[in-house]
Amino acid sequence: MSIDQSANRFVCDLVAYEPGKPIDETARELGLDPSQIVKVASNENPLGPSPVAKAAMATALDEAHIYPDGGGYKLRSAIAEKFGLDRSNVVIGNGSNEIIELLCHTFLNRDAELIAAEHAFVVYKLMATLFGAKYVEVTDPNFIHDLDGMADAITADTRLVFIANPNNPTGTMVDEETIDRFMARVPDHVVVVFDEAYHEFPDNPPDTLKYVREGRNVVVLRTFSKIHGLAALRVGYGLAPAPLAELLQKARQPFNVNAIAQAGALAALADVEHMQATRTLNAEGLAFYEKAFADRGLEFVPSHANFILVRTGEGDRVFKDMLKQGVIVRAMSGYKLPDWVRISIGTAAQNERCLEVLDQVLATASV
Ligand SMILES: *Cc1c(COP(=O)(O)O)cnc(C)c1O
């Protein structure tokens, strides 16, 4: 008998998340030094972690024998203060991905529905599948979330609607007016999740925290993985009205965010300088790629985030051929976009190297 027969069917059916290819693995396979590899596959911060966060983490190591503050008092207080909220509005997670899981624990079951956009962040679908819920996908013309269509899709069984804004992997953003119109149509039994992992990159992101303050059934997700350059730590947070935040708190493990990560995140939150440097570098890199793609007649999706989706044709081949030259991009076939690759914005040198290799690989296109 296969062990699969004893296992939960939803787990057996799951197609596991495929992360960006790690630098060390690529270096081993190519016989190169890891420092020669350019990884622009996971929307990481090319400036690295905030130096202030590194120092705070080094200090925190002295206390590594003590269990972390399970209540996350300092970090949650600082986050609350930054946004003019109360600590009771803040839930911290092992990456914002964990908060997505907590939302599913709290609201999904086999009778429930989760609504997301066709080209939304793939983790929503993985989680809905894992909980046996129905995943409802709403088409997104020009890769932009169709919030009217998403409101139309709401039924009595809908529990969660995910709006990634800006969205990954498309980089598109819906504006505040569109969100307001959508929110006016959302009934009380539905929780709207604004996944704002890239919120700090665009100049004028829509304000969704007003819905938290108004006590609507809304959770705003943010993360330390992108603008703060702390992806390895795994810290993210959710902002929600207190009764909703309290439910999520019940669903988490007692020590879900480790003490080193809490210390690093707390310091990073105050490092405005590092955030600003990251934004500036990113804006320059986006402009570089948009011009380069336009010059080459390559279709791309104008981005509000720290990556860009470009139509190269044969995304899997382009990924593999670029990999042979030590540049890791992300193929998009898993998102049903086999002709596209997603490139994270790097340093100027990384961007130039990536473009040079892309040019070479496209010049040798197998027709
Ligand atoms: C990167 C990303 C996250 C962040 O994940 P963490 O678990 O916080 O590292 C969340 N949502 C989207 C859409 C992302 O692209």
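Since we're looking at a predicted model, the values are computed, not measured.

Visitor: What am I meant to see in the domain arrangement of the chain here?
Guide: It is common to give the size of an interface as the accessible area lost on bringing the parts into contact. Domains assigned within the chain are domain 1 (3-48 + 273-366) and domain 2 (51-271). In this structure, domain 1 and domain 2 have C-alpha centres spaced 24 Å apart. Contact with domain 1, which involves 30 residues of that partner, is made by 35 residues of domain 2. Summed over both sides, the interface of domain 1 with domain 2 buries roughly 2800 Å², with 65% coming from carbon and sulfur. Three residues, M275, H304 and Y335, lead the burial of domain 1 against domain 2; their summed loss comes to 24% of the area buried on that side. Measuring nitrogen to oxygen at the nearest pair gives 3.2 Å for the salt bridge that ties R279 to D203. At the junction of domain 1 and domain 2, the tally comes to eleven residue pairs in polar contact (both at pLDDT 80 or more). When residues of the side of domain 1 that touches domain 2 are traced back to their parent elements, those giving at least two are α1 (9-12), α12 (272-296), β10 (307-311) and β13 (340-344). It is α12 that contributes the most residues to the side of domain 1 that touches domain 2, six residues altogether. Here the residues of the side of domain 1 that touches domain 2 are counted per class, giving 15 nonpolar, ten polar and five charged.

Visitor: Explain the environment of V91 to me, please; I cannot follow it from the model alone.
Guide: Position of V91 among the secondary structure elements: in strand β2 (residues 90-93). Look past the residues within four positions of V91 in its chain and what remains in contact with it is I99, L102, G236, Y237, G238, A245, L248 and Q249.

Visitor: What should I look at first to understand the side chain of E113 in this one?
Guide: Along the chain, E113 turns up in strand β3 (residues 113-117). Among the polar contacts listed, one links the side chain of E113 to the side chain of T155, at a separation of 3.0 Å. Setting aside chain neighbours within four positions, we find E113 in contact with L108, K134, V136, A153, T155, D157, T158, R159 and L160.

Visitor: What exactly am I supposed to notice about the packing of α12 against helix α14 (residues 348-363) here?
Guide: Helix-helix packing is characterised by the crossing angle of the two axes and by the distance between the axes. In contact at an axis separation of 10 Å, α12 and α14 are set at 20° when each is read in the N-to-C sense. Between α12 and α14, the interaxial angle falls into the category roughly parallel. Crossing angle aside, the handedness with which α12 passes α14 is right-handed. Side by side, α12 and α14 meet where G285, F288, Y289, A292, F293 and R296 of the first sit next to Q350, N351, E352, C354, L355, L358 and D359 of the second. For the contact of α12 with α14, the class distribution of residues is seven nonpolar, three polar and three charged.

Scoring rules and cut-offs
Residues numbered from 1 in each chain as written. Predicted model: local features only at pLDDT ≥ 70, side-chain atom pairs only at ≥ 80, totals over all residues. Heavy atoms only, no water. Domains from an automatic or database assignment. Contact = heavy atoms within 4.5 Å. Buried area = accessible area lost by both parts, 1.4 Å probe. Salt bridge = Lys/Arg side-chain N within 4 Å of Asp/Glu carboxyl O. Polar contact = N/O pair within 3.5 Å; in protein donor to acceptor, adjacent residues only side chain to side chain. Helix = DSSP H or I, 4+ residues; strand = E, 2+ residues; numbered from the N terminus. Nonpolar A, V, L, I, M, F, W, Y, C, P; charged D, E, K, R; others polar. Axes fitted to C-alpha atoms, helices over the stretch in contact; angles between N-to-C directions. Parallel < 35°, antiparallel > 145°, perpendicular 65-115°, else oblique. Left-handed = near helix turned anticlockwise from the far one by under 90°.

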